[in-house]
Each structure stands twice: as C-alpha cells, then as structure tokens.
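# Residue-level structural notes
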Amino acid sequence: MRSLREVTAETLTLAGAIVEPIAPEGLEVMAPTEVRQALSIPEWSRLGFGTDLPAGARRVALEPDWVSGLQRLIQDRGRSVRMSLRSELSGKPPRDLERSVAQQIVLENATFRVREVAPAKTRYLLLSFRLAVVSDEKIEDFIQLCVNESNSAIADSMVEPLLKRLGETNGWSLADGSGAELPAPWSARRVEEYSTKVLPPRIKLRLTPVVAGMERRMDRDLQRLHTYHSELWNHARRQFNARPERKGGQRDPTAELAKLDWIEREYVAKIADTRLKYAAAVEARLEQVLRLEIEVWRVYITILRRKMSRSTHFDFCGLSGALERLPCDSCWNCSKTFVVCDEQLHLLCPACSSPCPSCGKTFCQVCHGTLCPKCA
Ligand SMILES: [Zn+2]
Ligand SMILES: [Zn+2]
Ligand SMILES: [Zn+2]
C-alpha cells in the first residue's frame, strides 16, 4: 500500500500544487488557494512524514483533519473506478481444485457434481467504507467489503491481496466495462441491500478490541461508583443507627432516611449516565467503489435435487490462493452447509433454513419472503 507521503504528493499535484520530495521523508509544497484552504497550510510549506523531520517542516500523520482535507481536494475523483488486471493465470488450474470444492460445500438434501474447470473473467466489487465510532472517544477507521459480482460470493480473503496488488500499479489498466463474458455490474440498489446485510457483522468483528476497551473503562467507572456510593451509604447508615444512643431521646429518622434514599437515587442516576457515556454510535459511509476485472479459475457445478437441477460456480483467484465460498441466497453470508429449496433450488444457510415456529415446516425465504406460505 502507498505511504501517506506518496498519497499526499499525488493528491496535491492533481490539485495543482508544485510538490518536491525532500529528505528525510518530506515534501516541499507551493500550494494554490484551494490546497491552502483544504489543508490549512501556507503558500509555501514543508511537510514531514517520518520520525525525523526536514528543517522547518510541519509533521503530518494519518489524522482525521488531514485525511478530510485530502478528500476535499480529491472530491469525486477516483471514487468509482473500473480497472482490469492483466492475466496472471498459469496454463493449468491448481491441482486438487475439484477436491477442494468437495470440501467446501455440504448439501443436506441434494447432491452436486463438478462439470468443468475453466479460465473465466469476473469482476470483484471492492467497497471501502469510512467508519466513525462516536462514544466516550471518537474513532475513525476504514473497512472494505469485496464481492464477486458473478456469483455474489463474499471474497473476504481477496481484500488484503487486492489492496496490496493495487499498490503495485503495473498490470492494471482502466477498464471500459465491456466484455461479453463479464457479469452484469450490480445496481446501486443491490450494492446497498448487500452492504446492509453483510457489513454489520464485519463492523462488529472489526470493533471487537475497541468495544472490549470501552467495556473495561465502563466497568472501572461502574466499580468506582459502586465503591463511592457504598461507602457513603454505609456511613449514613452508621450515623442513623448511632443517633438514638447519642441523643438518648426521641428519634426522628426522617432526615436520615431521606439521605439514604437520596444516595440510592443518585447511584442509579450515575449508573445510567455512565452507560449512556459509553453507548457507541457507529456510522459507515461508502467512500469508494472499485470494480476490478480479474481472470480466475472457475469451477462449474450442477446441483441436483429430485428431478431438478441448477448450475452455479466457485471462483479461484491466484491473488488470494483461496477458493471462494458460496453465499446463502437469502442472507448472502457465506456458508459451507446448505439446505436446497424445493421450488428453485436456492441455497439456504442453516440460519435461513430454520423451520416456521407455527407449523414446523421449513420454507424458502427467497421464494416466499418472511411469511410461511402454509400459515400466511
Ligand atoms: Zn442465510
Ligand atoms: Zn408455517
Ligand atoms: Zn427458494
């Protein structure tokens, strides 16, 4: 992947600045008005990206303000790009590809056979989302989704290799989107539906360490509140118990009881405040759409159930070295085990093939929506 210094140099040059590399790990910039305003830098400046700064340079790091400034300069350039990668297929498919397919799919109520393994071209949709997490602290991050447009397979294993391969510019050319053998590009609506279904579990996974950190801080705060209010309450209670002996006279407990009550209410309110403070709102915004045409080895299979059959395929891309998994036709998450529907041989993952809670019959949500056809 390219460095922040390279990305900054390219962006500023595109925006009309004069940019010269200087040592160590810096840039000297003559900036036109648009660049000065976007990045809050003077007309002439020096920027430093490494541990050691060039003389008189301002330090630049991957911080939200700088990234937003670069984005303002790029505007919509490069947000949606189609590129094609020169063929990198060797003459023969990898050995054992057919056997790998057999290990990759379990059909509970159907069989399948491999028809053919042949070179093919597909299009990977690489979607980059900017994540903003707002909680007791603000965190920004990026997350990518990769999907094979030919069979809807989520290609998580392609994300890292693709980002790395995109950093090496050789072999890529701008694609014109033509080519009869390519799958039809997904519509914006389908991309949106797909992302809405498959992105949340991935965001959750990505944020696991962040959430664990927040939970640790919240537990510590709750513990402190508990200790503080317990001590306060015990102290008030001791005073309350001691008072009649000290006074030796009539006891009027109203004030003491009110104090104990106040401590309890205060504790409950403070707990609610703390939980609110650590509640996290996460926003994911689509920043870039890359359509990448790449040659793959395609394993064509036929699924057989009763007297019906359906064709589909697995793709193997040398960049990841992994055979993709097929997606569930209902939730689009990839699975190894499927139940095949009777009507159109849809592939349903275990979660999407659970029986109707009223009649106990399994039905296909792709064919019938969420309502069981027997009970509707
Ligand atoms: Zn499913
Ligand atoms: Zn039912
Ligand atoms: Zn179905």
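Residues numbered from 1 in each chain as written. Chains lettered and ligands numbered in written order. Predicted model: local features only at pLDDT ≥ 70, side-chain atom pairs only at ≥ 80, totals over all residues.

### Some points on the overall build of the protein chain
This is how it is decided: Note on conventions: DSSP H or I runs of at least 4 residues are helices, E runs of at least 2 residues are strands, and numbering of each starts at the N terminus. What the globule rule says is 2.2 Å times the number of residues to the power 0.38, and the radius of gyration is computed from C-alpha atoms. In this description, any two residues whose backbone-derived C-beta atoms lie within 7 Å of each other are considered to be in contact.
When helices and strands are counted, the protein chain shows nine helices and 14 strands. Relative to the compact-globule value of 21 Å for 376 residues, the protein chain shows a C-alpha radius of gyration of 30 Å, a clear excess of over 25%. Put simply, 60% of the contacts in the protein chain that link residues at least 6 apart link residues at least 24 apart.

### Comments concerning the sheet that holds strand S1 (residues 18-22)
Going by this rule: We treat two strands as partners when DSSP finds at least two bridges between them. Here the axes come from fitting lines to C-alpha atoms, over the contacting stretch only for helices, and the angles between their N-to-C directions go from 0 to 180 degrees.
Here we have four strands laid out as an open sheet, ordered S1-S2-S3-S4, and mixed in their pairing. Lying at the two open borders of the sheet, with one neighbouring strand each, are S1 and strand S4 (58-59). Summarising the sheet, strand S3 (residues 44-48) and S4 pair through two bridges and their orientation is parallel. Each bridged residue has a counterpart across the sheet, and for glycine 48 the counterpart in S4 is arginine 59. The strands that helix H1 (residues 4-14) touches are S1, strand S2 (26-30) and S3; relative to S2, the one it contacts most, it runs at about 15°.

### With respect to the nonpolar core
What counts here: Nonpolar cores are built from buried Ala, Val, Leu, Ile, Met, Phe, Trp, Tyr and Cys residues. These are joined into a set through C-beta atoms within 7 Å. Each residue is classed by its C-beta neighbour count within 10 Å, where at least 20 other C-beta atoms makes it buried, 12 or fewer makes it exposed, and intermediate counts make it partly exposed; the C-beta atoms are placed from backbone geometry.
Grouped together as the largest cluster of nonpolar side chains are 40 residues, with contacts concentrated most on Tyr124, Leu126, Cys146 and Leu348. When residues in this core are grouped by element, the largest group, eight residues, is from strand S10 (residues 281-305). Those residues in contact with leucine 126, other than ones at most four positions away along the chain, are Gln144, Cys146, Leu162, Leu290 and Leu292. One finds Leu12, Leu27, Val35 and Phe49 within the second-largest nonpolar core, a separate group that totals 14 residues.

### A closer look at the domain arrangement of the protein chain
For clarity, the cut-off: The split into domains, and so the bounds of each, comes from an automatic or database assignment of domains.
Segmentation of the protein chain into domains returns domain 1 (4-77), domain 2 (82-207 + 283-327) and domain 3 (209-279). Each of domain 1 and domain 3 has a C-alpha centre, and these two points are 53 Å apart.

### Remarks on the sheet that holds strand S6 (residues 106-107)
Reading across from one edge, S6-S13-S14 is the order of the three strands in this open sheet, with mixed pairing throughout. Of all strands in the sheet, those with a lone pairing partner are S6 and strand S14 (347-348), marking the two edges. In the sheet, strand S13 (residues 337-340) pairs with S14 via two bridges, with the strands oriented antiparallel. Bridge assignment links valine 339 to a residue of S14, and that residue is leucine 348.

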